[in-house]
Amino acid sequence: MHTVKNLALGLLAAAAVATASDVEQLKKDNFDEFVKANDIVLAEFFAPWCGHCKALAPEYEEAATSLKEKNIKLVKVDCTEEADLCQQYGVEGYPTLKVFRGADNISPYKGQRKAAAITSYMIKQSLPSVSLLTKDTVEDFKKADKVVIVAFFDATDKASNETFSAVADKLRDNYPFGASNDAALAEAEGVSFPSVVVYKEFDEGKSVFSEKFTAEAIEKFAKTAATPLIGEVGPETYSDYMAAGIPLAYIFAETAEERKEISDAIKPIAEAHRGVINFATIDAKAFGAHAGNLNLKADQFPAFAIQEIAKNQKFPFDQEKKITHDSIKEFVDEFVAGKVEPSIKSEPIPETQEGPVTIVVAKNYNDIVLDDTKDVLIEFYAPWCGHCKALAPKYDELAALYAKSEFKDKVVIAKVDATLNDVPDEIQGFPTIKMYPAGAKDKAITYSGSRTIEDLIEFIAENGKYKASVSESEAETEAEEASAAPAATETATEAAEGAKDTEEAAHDEL
């Protein structure tokens, strides 16, 4: 009996260890008190049924454990139980992550949803925007992350101090920033006052800026130096490349050896265009489907393409040609000179528009969406997207209401398959819904509310030129009543991170 009792106690202890969590779940009655009591807190607002939340959970737990010793707290809030609290902090989709420095200083989490990325991001957030360094602390600071940025300037040089601090405040989410006014330390690091040094774990390991201190010049230098000469596109880097604001040249190959061989061959080209074009390899076995998004054949590798991110234009290199230093140099030089025409992928223009929703393709996009006489609400969707399928009947109903109304010639409800048609808009997730008002086509407004017919009508009335509002009295409304929860979107990056349902698993994208 004594043995059985000990065994039972042992099993209970093991269960307690197994369920122990370094993520604290908070409720409305203790949330404010908790964030006020801690210098910095990362909060996840989630719903138990959310697939993306389930995919994040183990990564979030791992990050919480890693950050525990640094006294950086990770917490979570179940929005199905704490709806008022989630509404208080503007939660519109799941999961939503926010960084709290007290109850009033709140900023959105902008990192990737992987344990290492969360840990790195929160360490940066916990530091002052600029850490003051000495000869005793500089070596440890250099190892704080894959990229750190350090300025060396005289203590009396207030202008350089203020300029560097402004850059650090702006980019603190991206890199740790440090500064020193120790002349001996600057000399030991091989620089003079004033200078900025980017220390990195790749390429040459160190880049130095010693030109005139302006915020614009330092920011451009930092972003360029902090990007690998030839990096790698993957779930954890894709959004950074998209946010860089300059064209991205993709090198598709199926093996690591082949990616290295091509990278070595075109390294001088990447060096010549550093800061103008980013170059990166991509694993064609894991992410070969992404080649189709660049208007390449997704089954013929190696391959090369350039994406002009700002305009969402694609420039695929002829896949029948061999990828060599000379062939790629000629292609890249002509691209930079504006001599390469973008490739435009488009479905055929529909012979007739069937159904209440106007079908848009790349070839008629400007004619319909940018028609300056009409308010156009357009949904950018993907066929594999479950949220898009759920929206479809309500969106059809919305279009039918406007088609029967006095605004039928002034308001267009449209949709475009953004996987089969090149569109000029930057689409981060599906579905994305935007309003292009008549007379102000350069001022598109992205919809972020709940996907109910009532809310969509209100959005059109508030943001369109014609203030067009219609009645739902003829419509079936049970779908809208069932959708009080914040809208969610499915992003290509999340799909690559594993946050996909069974149907989406076949969509192998970044």
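Here the structure is shown first, and the text comes after it.
Residues numbered from 1 in each chain as written. Predicted model: local features only at pLDDT ≥ 70, side-chain atom pairs only at ≥ 80, totals over all residues. Heavy atoms only, no water.

Peer 1: What's the story with the state of the cysteines in this structure? I'm lost.
Peer 2: Here a disulfide denotes a covalent bond joining the sulfur atom of one cysteine to the sulfur atom of another. By the definition in use, this model includes one disulfide. One disulfide bridge connects Cys 79 with Cys 86, the sulfur atoms lying 2.0 Å from each other. Taking the sign of the S-S torsion, about -90 degrees here, the bridge from Cys 79 to Cys 86 comes out left-handed. The exposure classification of Cys 79 matches that of Cys 86, with both residues buried. (Disulfide = S-S within 2.5 Å. Buried < 20%, exposed > 50% of the residue type's maximum accessible area, 1.4 Å probe, protein only.)

Peer 1: Looking at this structure, I do not really get the pattern of salt bridges. What am I missing?
Peer 2: Proximity of charged atoms lets side chains of opposite charge pair with each other. One pass over the structure, following the stated rule, counts 17 salt bridges. Across the salt bridge formed by Glu 189 and Lys 142, the nearest N and O atoms sit 3.0 Å from each other. One end of the pair, Glu 189, is in the loop between α8 (183-188) and β9 (195-200); the other, Lys 142, is in helix α6 (residues 138-142), and 47 residues separate them in sequence. The same class applies to Glu 189 and to Lys 142, which are both buried. Taking the shortest distance from any N to any O, the salt bridge between Glu 204 and Lys 200 comes out at 3.4 Å. Overall, the relative accessible area of 8% leaves Lys 200 in the buried class. Members of the salt-bridge network, linked through shared partners, are Lys 27, Glu 81 and Glu 82. (Salt bridge = Lys/Arg side-chain N within 4 Å of Asp/Glu carboxyl O. Helix = DSSP H or I, 4+ residues; strand = E, 2+ residues; numbered from the N terminus.)

Peer 1: Please clarify how the packing of helix α16 (residues 386-403) against helix α17 (residues 453-463) should be interpreted in this entry.
Peer 2: If you want to describe how two helices pack, look at the angle between their axes and the distance between the axes. In contact at an axis separation of 10 Å, α16 and α17 are set at 50 degrees when each is read in the N-to-C sense. By the criterion of interaxial angle, the relationship of α16 to α17 is oblique. Judged by the twist between their axes, the crossing of α16 over α17 is right-handed. For the pair α16 and α17, contact is made by Lys 394, Glu 397, Leu 398, Leu 401 and Tyr 402 and by Ile 453, Leu 456, Ile 457 and Ile 460, respectively. (Axes fitted to C-alpha atoms, helices over the stretch in contact; angles between N-to-C directions. Parallel < 35°, antiparallel > 145°, perpendicular 65-115°, else oblique. Left-handed = near helix turned anticlockwise from the far one by under 90°. Contact = heavy atoms within 4.5 Å.)

Peer 1: Teacher, can you tell me more about the pairing of strand β13 (residues 278-283) here?
Peer 2: On a regular strand, each side chain points to the face opposite its neighbour's, so the side chains alternate between the two faces of the sheet. Counting buried residues in β13 gives six out of six residues, a clear majority hidden from the surface. Neither face of β13 is open: one carries Asn 278, Ala 280 and Ile 282, the other Phe 279, Thr 281 and Asp 283, and all of them are buried. With six bridges joining them, strand β12 (residues 248-253) and β13 adopt parallel strand pairing. From the neighbouring strand, Ile 251 faces β13, where its bridge partner is Thr 281. Note that the unit made of β12, helix α11 (residues 256-272) and β13 has a crossover that is right-handed. (Pairing = 2+ DSSP bridges. Right-handed = clockwise from strand over helix to strand, strands pointing away.)

Peer 1: It is not clear to me how the sheet that holds strand β14 (residues 303-308) should be interpreted in this structure. Could you clarify?
Peer 2: Strands in a sheet are paired, the pairing made by backbone hydrogen bonds, and the direction either parallel or antiparallel. An order of β11-β13-β12-β14-β15 is seen for the five strands of this open sheet, with the pairing classed as mixed. Only two strands of the sheet have a single partner each, and these edge strands are β11 (230-232) and β15 (313-316). If you compare each strand with its neighbour and ignore which way they point, the axes differ by 30 degrees on average. In the sheet, β11 pairs with β13 via three bridges, with the strands oriented parallel. Within β13, the position partnered with Ile 230 by the bridge is Phe 279. Each of β13, β14 and β15 touches helix α14 (residues 325-336); the most contacted strand, β14, lies at about 15 degrees to it.

Peer 1: I'm lost on unusual backbone geometry in this one. Help?
Peer 2: Note: most peptide bonds trans; most residues except glycine with negative phi. A cis amide bond links Phe 193 with the next residue in sequence, Pro 194, at an omega value of -20 degrees. Counting through the fold element by element, Pro 194 comes out in the loop between α8 and β9. Across the junction of Phe 301 and Pro 302, the peptide omega takes the value 5 degrees, indicating a cis bond. Looking at where Pro 302 falls in the secondary structure, it is placed in the loop between α13 (290-293) and β14. Look at Asn 71: it is not a glycine, yet its phi comes out positive at around 60 degrees. If you trace the backbone, Asn 71 turns up in the loop between α3 (51-68) and β3 (73-78). Its relative accessible area of 48% is what places Asn 71 among the partly exposed residues. Phi at Lys 467 is positive, roughly 50 degrees, even though this residue is not glycine. By the secondary structure assignment, Lys 467 is in the loop between α17 and α18 (478-481).

Peer 1: Sorry if this is basic, but what is going on with the packing of aromatic side chains here?
Peer 2: To describe a pair of aromatic rings, one takes the distance between the centres and the angle between the planes. Under the counting rule described, the total for this entry stands at 19 aromatic pairs. When the ring of Tyr 175 is compared with that of Phe 177, the centres are 6.4 Å apart and the planes differ by 65 degrees; the resulting orientation is edge-to-face. Using a relative accessible area of 2% as the deciding quantity, one classes Phe 177 as buried. Measuring from centroid to centroid gives 6.1 Å for Phe 304 and Phe 331, while their planes differ by 85 degrees, and the two rings are edge-to-face. In this pair, Phe 304 sits in strand β14 while Phe 331 sits in helix α14, placing the two residues 27 residues apart along the sequence. Phe 331 sits in the buried class, given a relative accessible area of 10%. Chaining the aromatic ring pairs together yields one cluster made of Phe 31, Phe 45, Tyr 89 and Phe 100. (Phe/Tyr/Trp six-rings, centres within 6.5 Å; stacked < 30°, edge-to-face > 60°.)

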